[in-house]
There are 2 protein chains.
Amino acid sequence: MFARIDHIGVAVEDLDAAIALYEQTYAMELVHRETVQAQGVEAVLLDIGENHVELLAPLSPETPVGKFLAKRGPGIHHVAYQTDDIELTLRQLRSTGTRLIDEQPRVGIRDSRVAFLHPSASGGVLTEIVQPSKEH
Amino acid sequence: MFARIDHIGVAVEDLDAAIALYEQTYAMELVHRETVQAQGVEAVLLDIGENHVELLAPLSPETPVGKFLAKRGPGIHHVAYQTDDIELTLRQLRSTGTRLIDEQPRVGIRDSRVAFLHPSASGGVLTEIVQPSKEH
């Protein structure tokens, strides 16, 4: 069903300070930066092998990541698993009765197609399914 | 410095229920189960490509994972990055002034060698460095 961990999403208060940590201390390469209005974040992707770290800074306190930061502080926000056929994966998940936040895929960072599962269906873990764009 | 995400560590209250979710709903293969007394957990590893999900059930409420569950409930506990030379990686991290929980590697799950960074050094993210055993 899943090929690999696509990324972990990390909620941060200061995006540039976080980028400095991951680039300079962890020697990860920053490969993408984008404002994702639909998710209310400014986000970057850093490469770690075939996986990524996605740093997420909220565009306002009212966004989901803004509320997460206010409640829990900076830290791991979600995990994303990679699939090469997100429609098939969503059908498979629905067939097992898995509660979804997104019934249909939507556009995510770097032209990926994404869908979130409901944390109540995944043991408290906010879980995202990602089909990367053909270029990545 | 890091080859890939080795695993995400997920704190769970009911290990068998969590295993059922990851095996049956997410079609991940359980490849290892172990009681890690030094970390106060019963843990399993499931494969997802070259990455893993590590499910962690506390041996008692007084353990780090037990306290995490009491405070935050089930969810992502830590991320682990893989290296093929943990001594070199720790030297590199020390040279940048990174605060470590483990100054020296210790034995982790499945005969790996592991060290934890201090969350204050990694933007609130509990971060583990893992050198897998030669068999894995």
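Just above sits the structure.
Residues numbered from 1 in each chain as written. Chains lettered and ligands numbered in written order. Predicted model: local features only at pLDDT ≥ 70, side-chain atom pairs only at ≥ 80, totals over all residues. Heavy atoms only, no water.

A. Summary view of the sheet that holds strand 3 (residues 41–48) of chain B. All names here are of chain B. Spatial strand order, 2-3-4-1-5-8-7-6: 8 strands in an open sheet with mixed pairing. Bordering the open sheet on either side are strand 2 (29–36) and strand 6 (106–107), each of which pairs with just one other strand. Sheet analysis places strand 5 (residues 75–82) next to strand 8 (residues 127–131), joined by 4 bridges and oriented parallel. Across the sheet, the residue bridging to Gln 82 is Val 130, located in strand 8. Against the sheet, helix 1 (residues 15–25) engages strand 1 (4–11), strand 2, strand 3 and strand 4 (51–58), with an angle of about 160° to strand 4. (Pairing = 2+ DSSP bridges. Helix = DSSP H or I, 4+ residues; strand = E, 2+ residues; numbered from the N terminus. Contact = heavy atoms within 4.5 Å. Axes fitted to C-alpha atoms, helices over the stretch in contact; angles between N-to-C directions.)

B. A look at the environment of Leu46(A). Residue and element names in this part refer to chain A. Tracing the chain through its elements places Leu 46 in strand 3 (residues 41–48). Sequence spacing of Leu 46 and Leu 30 is 16 residues, and the spatial spacing of their C-alpha atoms is 4.2 Å. Beyond its immediate stretch of four places on either side in the chain, Leu 46 contacts Tyr 22, Glu 23, Met 28, Glu 29, Leu 30, Val 31, Asn 51, His 52, Val 53 and Leu 55.

C. View of the relation of the copies chain B and chain A. The two copies are related by a screw operation: chain B maps onto chain A through 180° of rotation and 0.0 Å of translation along the axis, at an RMSD of 0.0 Å. The operation mapping one copy onto its partner corresponds to a two-fold rotation axis. Identified as the residue of chain B closest to the rotation axis by C-alpha distance is Ile76(B), at 3.5 Å. In this assembly the copies share their binding face: 100% of the residues contributing to the interface of chain B also contribute to that of chain A. (Least-squares fit on C-alpha atoms with pLDDT ≥ 70 in both.)

D. Structural context of the layout of surface pockets. Roughly 450 Å³ of volume is contained in the largest pocket. Along the wall of the largest pocket there are 23 residues; nearest its centre are Arg72(A), Phe68(B), Arg72(B), Ile76(B) and His77(B). Among the secondary structure elements, those contributing two or more residues to the lining of the largest pocket are helix 2 (64–72) and strand 5 (75–82) of chain A together with helix 2 (64–72) and strand 5 of chain B. In terms of residue count, the dominant contributor to the lining of the largest pocket is helix 2 of chain B (5 residues). (1 Å grid on protein atoms, 1.4 Å probe; cavity = no way out; pocket = protein on both sides within 12 Å on 5 of 7 lines; lining within 4 Å. Points joined across faces, edges and corners; volume = space filled by probe spheres on them.)

E. Up close: the interface of chain B and chain A. Counting from both sides, the interface comprises 36 residues of chain B and, opposite them, 36 residues of chain A. Our enumeration of links across chain B and chain A arrives at 0 salt bridges. Between the two partners, chain B and chain A, sit 6 residue pairs in polar contact (both at pLDDT 80 or more). Listing elements by their share of the side of chain B that touches chain A, those giving two or more residues are strand 1, helix 1, strand 4 and strand 5 of chain B. Considering each element in turn, the side of chain B that touches chain A owes the most residues, 5 residues, to strand 5 of chain B. Split into classes, the residues belonging to the side of chain B that touches chain A amount to 21 nonpolar, 12 polar and 3 charged. (Salt bridge = Lys/Arg side-chain N within 4 Å of Asp/Glu carboxyl O. Polar contact = N/O pair within 3.5 Å; in protein donor to acceptor, adjacent residues only side chain to side chain. Nonpolar A, V, L, I, M, F, W, Y, C, P; charged D, E, K, R; others polar.)

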